[in-house]
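# Structural characterization, general
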Amino acid sequence: KKKKKKIASPAAMKLESASAVLKSWHCTRLCGLRNSSGNARALATFQHSRLVVERTPQPKPKYTDKTKLGFGKFFSDHMLTATWDEQTGWAAPRIVPHGNITLSPAASVLHYGLECFEGLKAFKGVDGRVRLFLPHRNLTRLYNSCDRLVLPTFDKEEVYQSMCDLVRLDKDWIPEGRGYGMYIRPAVIATHPSLGVARSSSALMFILLNPVGSYWGEHGFQPVKLLADPKYVRAWPGGMGETKYGGNYAPTIKIQALAAAEHGCQQVLWLFGENREITEAGTMNIFVLWQNEEGEEELITPPLDGTILEGVTRYAVVNLARQWGEFKVSEKPFTMAQLTKAVAENRVKEAFGTGTAATVSPIRCIKYEGKDYDIPTNGKVAQRLMDAVFDIQYGVVPEHEWAPIIA
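Residues numbered from 1 in each chain as written. Predicted model: local features only at pLDDT ≥ 70, side-chain atom pairs only at ≥ 80, totals over all residues. Heavy atoms only, no water.

### Some points on a nonpolar patch on the surface
Rules: Any residue with relative accessible area above 30% and no salt bridge may belong to a patch, with like charges joined within 9 Å and the nonpolar Val, Leu, Ile, Met, Phe, Trp and Tyr side chains within 5 Å. All accessibility values rest on the Shrake-Rupley procedure with a 1.4 Å probe; residue burial counts only the protein chains present in the view. Any Lys or Arg side-chain nitrogen found within 4 Å of a carboxyl oxygen on Asp or Glu counts as a salt bridge. Secondary structure elements follow DSSP: runs of H or I no shorter than four residues count as helices, runs of E no shorter than two count as strands, and numbering proceeds from the N terminus. Using a 1.4 Å probe on the protein chains alone, a residue whose accessible area is under 20% of its type maximum counts as buried, one over 50% counts as exposed, and one in between counts as partly exposed.
Side chains of Tyr112, Leu195 and Val197 sit close together on the surface and give an oily, nonpolar patch of about 330 Å² of accessible area. Tracing the backbone shows Tyr112 in helix H2 (residues 108-112). Under the relative-accessibility criterion, Tyr112 is labelled partly exposed at 34%.

### Observations concerning the packing of aromatic side chains
Stated precisely, the cut-off is as follows: When the centres of two rings from Phe, Tyr and Trp lie within 6.5 Å, Trp using its six-membered ring, the rings pair. Their planes under 30 degrees apart give stacked, over 60 give edge-to-face, and anything left gives tilted. By definition here, charges over rings are those cases where NZ of Lys or CZ of Arg is within 6 Å of the ring centre and within 35 degrees of the ring normal.
For the coordinates displayed, the defined rule picks out eleven aromatic pairs. Ring geometry for Phe123 against Tyr394: centres 5.1 Å apart, planes inclined by 70 degrees, an arrangement best described as edge-to-face. One end of the pair, Phe123, is in strand E8 (residues 120-124); the other, Tyr394, is in the segment after helix H8 (381-393), and 271 residues separate them in sequence. For the residue pair Phe123 and Tyr394, the accessibility class agrees, reading buried in each case. Taken together, the ring pairs connect Phe123, Phe390 and Tyr394 into an aromatic cluster. Directly above the ring of Tyr180 sits Lys66, whose terminal nitrogen or CZ lies 4.5 Å from the centroid. Against the face of Tyr143 rests Lys156, its NZ or CZ located 4.3 Å from the ring centre.

### Observations concerning the side chain of Asp77
The line we're drawing: In summary, the charge assignment counts Lys and Arg as positive and Asp and Glu as negative, without counting His or the chain termini. Any N or O atom pair separated by 3.5 Å or less is treated as a polar contact, with the protein-specific requirement of one donor-capable and one acceptor-capable atom, and with residues adjacent in sequence counted only for side-chain atom pairs.
Looking at the secondary structure, you find Asp77 in the loop between strand E3 (52-53) and strand E4 (78-85). Buried charge without a partner: Asp77 forms no salt bridge, and the closest opposite charge is Lys62, 4.7 Å away. Polar contacts involving the side chain of Asp77 include one to the side chain of Trp173, which spans 3.3 Å.

### Describing H8
The test is simple: Every helix has an expected span of 1.5 Å times one less than the residues it contains. Any pair of residues with heavy atoms lying within 4.5 Å of one another is described as a contacting pair.
The terminal C-alpha atoms of H8, which comprises 13 residues, lie 18 Å apart, in line with the 18 Å expected from a rise of 1.5 Å per residue. By the burial criterion, the buried members of H8 are Val381, Ala382, Leu385, Met386, Ala388, Val389, Phe390, Ile392 and Gln393. Among the structural elements, E8, strand E9 (130-132), strand E15 (284-291), helix H6 (312-324), strand E18 (348-355) and strand E19 (359-368) are those in contact with the buried residues of H8. Where H8 ends, the next residue or the one after it, Gly395, has phi of about 75 degrees, a positive value.

### Brief notes about the pattern of salt bridges
Scanning all chains against the criterion turns up 21 salt bridges. A salt bridge links Lys68 to Asp65; the shortest N-O distance between them is 3.1 Å. For Lys68, a relative accessible area of 59% puts it in the exposed group. We note a salt bridge from Lys332 to Glu298, for which the minimum N-O separation is 3.3 Å.

### Remarks on the pairing of strand E6 (residues 94-97)
The test is simple: Pairing between strands is defined by DSSP: at least two bridges between them are needed.
For E3 and E6, the ladder comprises two bridges, and the chain directions are parallel. Across the sheet, Val53 pairs through a bridge with Ile95, a residue of E6. Pairing between E4 and E6: four bridges, direction antiparallel. Residue Met79 lies in a different strand from E6, and its bridge partner there is Val96.

### So, unusual backbone geometry
Positioned with a positive phi, Arg276 is a non-glycine residue whose angle comes to about 55 degrees. By the element assignment, Arg276 lies in the loop between strand E13 (267-272) and strand E14 (277-281). Not every positive phi belongs to a glycine, and Glu369 is a case in point at roughly 50 degrees. Turning to its location among the elements, Glu369 is positioned in the loop between E19 and strand E20 (371-374).

### Quick word on the side chain of Ser330
Along the chain, Ser330 falls in strand E17 (residues 328-331). What makes Ser330 buried here is its relative accessible area of 7%. At 2.6 Å, the side chain of Ser330 and the side chain of Glu298 are in polar contact. If near-sequence neighbours (up to four positions away) are discounted, Ser330 is found in contact with Glu298, Leu299, Ile300 and Thr301.

Written as structure tokens, this is what we have:
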């Protein structure tokens, strides 16, 4: 008997077709296109050796009072740009005078949010030399965000070397002093001029430099109050929580404004699921130092399960605390019920958020279901961790693998 040929269902055929398109797209990005004769044609990769430098003919006046720099307000003389096209690949990267960019009003980034970004800092150390802090972790995260959004990926080391050249060119813009630095903002945006919801055929990478003041200003370490409301969710399994793209931030702005206006809170403590698991604090990773129910002193932070941004400062804090070996360090889920119970039983010693902007931000109170849960702020671990990170960033620890010297 002849076996009947199995006919795939329409749904299966659509899935197979979509899979083939995505596979073809990844092959295009990695292997190149094929010309009319069917031979593979390699796309140009991002190459530091092709970097073109155009110095500004009119340097901007530099800041005169570093204490008034704030965050995100001032920019250095130059920026880095590089365009990508699916027909040719990456064009030569360029360092050019800081200025506006031109986009089609139909560019995909303006309609569908096809963009991602990063944030890291350059520091002027106690020895006058310029250091970055774990920069390759930021570039790996940018690469992964691009891949998730089907934006062009890149050779991370080539981008790193180009970024270092930009920082070296404008290193005089880096303010000196503990807590000060130069914020570096790489971004990749889709420039495809089409209103269709589809992968972009063109893109732009740019890197901006922003001299920044001390996050804490003249007032020093200021503990914050958080609003925990399960009605609002930042991320969910299968979503984009582990990437750094604008869609993770825009929806949080209104909630943060409500937290401030109606509850006197500076940030939002994001919860998820029926168990109300704790995920992030504002734009920061969160840590709690407590005596757990087994009687152990434990520093706990949510796990990297796809809903949590893999913070660079988080990485440093977890590893420093483990090196100390003074208490248990855990990356595992915990809930608001567990936290409020621990507060009620006086088992919470301190809590803090971590991120590039603040480094370490102590938490003094969490408002949840109409009640304030006060967190002790006289602990020493948050301050000690921030000091340890600063010592590496500013060269007090002169040679550290986390802080490459670039100038």
